[in-house]
Amino acid sequence: MSKPWPPSEDQFQTLAMSALDKSDKKDVKILVYWENNPNLMIFDPIHYAHTEYLERKYKSDDRSVHVVVGKID
């Protein structure tokens, strides 16, 4: 089920916390396609669809997370 574009700051932060919980890496990068499935996180993305993107970076203690949200895949 798609969610309204663009995601809110709270939604970005929720994705960031979830990514840190699911990975043991110090520096985490995830890609989410918002209108396809915002619950599917792609870790360490290599390929990106031709769409609109928003990005946020967060730090937590000695770890960091880079959240990239694409509008649609």
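Further up the page is the structure itself.
Just so it is clear, the structure is predicted and the values come from calculations on it, not from any experiment.

Caption draft 1: Molecular detail of the pattern of salt bridges. One pass over the full model with this rule turns up two salt bridges. The partner of Glu-9 in a salt bridge is Arg-56, and the shortest N-O contact between them spans 3.0 Å. Of this pair, Glu-9 sits in helix H1 (residues 9-22) while Arg-56 sits in strand E3 (residues 53-60), and the two are 47 residues apart along the sequence. Look at Glu-9 and you get partly exposed, because its relative accessible area is 35%. Among the residues examined, Arg-56 registers a relative accessible area of 29% and is labelled partly exposed.

Caption draft 2: Focus on the sheet that holds E3. Strand order in the open sheet formed by four strands is E2-E1-E4-E3, and the pairing between neighbours is mixed. Unpaired on one side and paired on the other, strand E2 (42-43) and E3 mark the two borders of the sheet. Alignment of E3 against strand E4 (residues 63-70), held across eight bridges, turns out to be antiparallel. Following the sheet pairing, Tyr-53 is matched in E4 by Gly-70.

Caption draft 3: Inspection of the pairing of E4 at higher detail. The element E4 is extensively covered by neighbouring structure, given that seven of its eight residues are classed as buried. A loop of two residues connects E3 with E4, the two strands running antiparallel in sequence, and Asp-61 in this loop sits at a positive phi of about 55°.

Caption draft 4: Expanded view of the nonpolar core. In this structure, Leu-15, Ile-30, Val-65, Val-67 and Val-69 are the most contacted members of the largest nonpolar core, which totals 15 residues. Only H1, strand E1 (27-33) and E4 provide two or more residues apiece to this core. Ranked by the residues each element gives to this core, the list is headed by H1, at five residues. Aside from chain neighbours lying at most four places away, what touches Leu-15 is Ile-30, Val-32, Trp-34, Pro-38, Met-41, Val-67 and Val-69.

Caption draft 5: Structural context of the packing of aromatic side chains. In total, this model carries two aromatic pairs according to the counting rule given. Residues Tyr-48 and Tyr-53 carry aromatic rings whose centres are separated by 5.8 Å and whose planes lie at 80° to one another, so their mutual orientation is edge-to-face. The exposure class assigned to Tyr-48 is partly exposed, which follows from its relative accessible area of 36%. Every member of this aromatic cluster is reached through a ring pair, and the members are Tyr-33, Tyr-48 and Tyr-53. One cation-aromatic arrangement involves Arg-56 over Phe-12; the distance from NZ or CZ to the ring centre is 4.5 Å.

Quick notes on the rules
Residues numbered from 1 in each chain as written. Predicted model: local features only at pLDDT ≥ 70, side-chain atom pairs only at ≥ 80, totals over all residues. Heavy atoms only, no water. Salt bridge = Lys/Arg side-chain N within 4 Å of Asp/Glu carboxyl O. Helix = DSSP H or I, 4+ residues; strand = E, 2+ residues; numbered from the N terminus. Buried < 20%, exposed > 50% of the residue type's maximum accessible area, 1.4 Å probe, protein only. Pairing = 2+ DSSP bridges. Core = buried A, V, L, I, M, F, W, Y, C linked by side-chain atoms within 4.5 Å. Contact = heavy atoms within 4.5 Å. Phe/Tyr/Trp six-rings, centres within 6.5 Å; stacked < 30°, edge-to-face > 60°. Lys NZ or Arg CZ within 6 Å of the ring centre and 35° of its normal.

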